[in-house]
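Chain by chain, the residues:
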Amino acid sequence: MRADLPVVPDRDTAREWLSSELQKPEYAERESLLTRLINWVADWLDGIEWPDASMSGPQLGLAVAVIAVVVLVIAWLVAGPVRLGRERAGSAEVLDADDVRTAAKMRAAADAAAAAGDWRTAAVERFRAVVRSLEERVIIEPRPGRTAQEAAADAGERLVAQAAGLRSGADLFDGVEYGDRVATAQDDAALRALDAEVAAARPEVPA
């Protein structure tokens with residue numbers, strides 16, 4: 001066999017490749033669909049007449065291509081909608097339209113969550129308190145549907161020295177609230193510091 005020909009897996013190797021691909025975290029979010037797909041592909045693999053070393057280069061390439069296409073299709077079917085759902089969720093508003101709490105009440109909620117070790121809630125409520133305080137101080141106008149990134153960008157135009165910190169806070173909020181990021185005590189501490197820094201900052205007067 002020529003050295004430059006693609007490696008063609010046997011049935012067990014193909015199963016191993018498929019299993020390795022599907023162990024990635026995003027596939028776990030659709031476990032029932034994934035199980036059905038794995039079972040279907042396993043049955044399909046059992047029915048394939050696997051090539052031997054005497055096959056020609058084009059035949060070997062076709063066999064590899066078929067297996068690759070199957071795995072890619074499964075990846076698209078399972079992981080694609082998961083990622084798309086995350087992207088859509090990540091653009092959701094930072095403050096619920098019916099949430100009329102003051103920044104002080106949001107800070108109190110964050111403090112209570114932190115005391116209980118609920119770092120996710122603490123981080124989310126802490127950043128919401130930052131955004132609410134920006135609205136209360138009229139640094140940004142209240143606007144329904146505003147995302148964390150939009151709030152950070154709007155506030156950064158007037159609090160230039162805090163712009164980078166606000167962007168980092170928005171990233172943290174989105175990662176915890178809509179992504180896979182696991183909040184920690186350090187994240188809560190960083191948002192506490194951001195809240196204090198923003199509260200003490202004087203906005204620049206628009207030119």
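Residues numbered from 1 in each chain as written. Predicted model: local features only at pLDDT ≥ 70, side-chain atom pairs only at ≥ 80, totals over all residues. Heavy atoms only, no water.

> Would you mind showing me how to read the pattern of salt bridges here?
Two side chains with opposite charge may pair up if their charged atoms get near one another. Scanning the entire structure with this criterion turns up 16 salt bridges. A salt bridge links Asp 111 to Arg 192, with the shortest nitrogen-to-oxygen separation between them at 3.3 Å. On the criterion of sequence distance, the pair formed by Asp 111 in helix H5 (residues 103-115) and Arg 192 in helix H9 (residues 185-200) is long-range, its members being 81 residues apart. Residue classification places Asp 111 among the partly exposed positions, given a relative accessible area of 35%. (Salt bridge = Lys/Arg side-chain N within 4 Å of Asp/Glu carboxyl O. Helix = DSSP H or I, 4+ residues; strand = E, 2+ residues; numbered from the N terminus. Buried < 20%, exposed > 50% of the residue type's maximum accessible area, 1.4 Å probe, protein only.)

> What should I look at first to understand the nonpolar core in this one?
A general trend in soluble globular proteins is that nonpolar side chains are found buried together. Ranked by size, the top nonpolar core spans 28 residues in total, and within it Val 94, Phe 127, Val 131, Leu 134, Leu 166, Phe 173 and Val 198 carry the most contacts. Put simply, the parts of the chain that give this core at least two residues each are helix H6 (119-136), helix H7 (148-156), helix H8 (163-178) and H9. Counting residues per element, this core draws most heavily on H6, which supplies seven residues. Apart from the residues within four sequence positions on either side, Val 131 is in contact with Val 94, Leu 95, Ile 140 and Ala 151. (Core = buried A, V, L, I, M, F, W, Y, C linked by side-chain atoms within 4.5 Å. Contact = heavy atoms within 4.5 Å.)

> Mind showing me how you'd approach the packing of aromatic side chains here?
Each aromatic ring pair is specified by the distance between its two centres and by the angle formed by the two planes. Counted according to the given criterion, the structure contains two aromatic pairs. Arranged with centres 5.5 Å apart and planes meeting at 35°, the rings of Phe 127 and Phe 173 form a pair that is tilted. Placement of Phe 127 in helix H6 and of Phe 173 in helix H8 is noted, with a sequence separation of 46 residues between them. A relative accessible area of 1% places Phe 127 in the buried class. We classify Phe 173 as buried; its relative accessible area is 2%. Aromatic side chains Phe 173 and Tyr 178 sit 6.0 Å apart centroid to centroid with 75° between the ring planes, which places their arrangement in the edge-to-face category. Through a chain of ring-to-ring contacts, three or more aromatic side chains come together here, namely Phe 127, Phe 173 and Tyr 178. (Phe/Tyr/Trp six-rings, centres within 6.5 Å; stacked < 30°, edge-to-face > 60°.)

> Where do I start with H5 in this structure?
Residues that lie three or four places apart on an α-helix share one face, since the helix turns once every 3.6 residues. Spanning 13 residues, H5 covers 18 Å between terminal C-alpha atoms, matching the ideal 18 Å at 1.5 Å per step. Taken together, the buried positions of H5 are occupied by Ala 103, Met 106, Ala 110, Ala 113 and Ala 114. The buried residues of H5 occupy an angular sector of 100° when projected down its axis, which confines them to one face. More than 90 degrees from the buried face of H5, the exposed residues found are Lys 105 and Ala 115. Buried residues along H5 sit against H6 and H9. Of the residues flanking the end of H5, it is Gly 117, one or two places downstream, whose phi is positive at about 80°. (Expected span 1.5 Å × (residues − 1). Arc of directions from axis to C-beta.)

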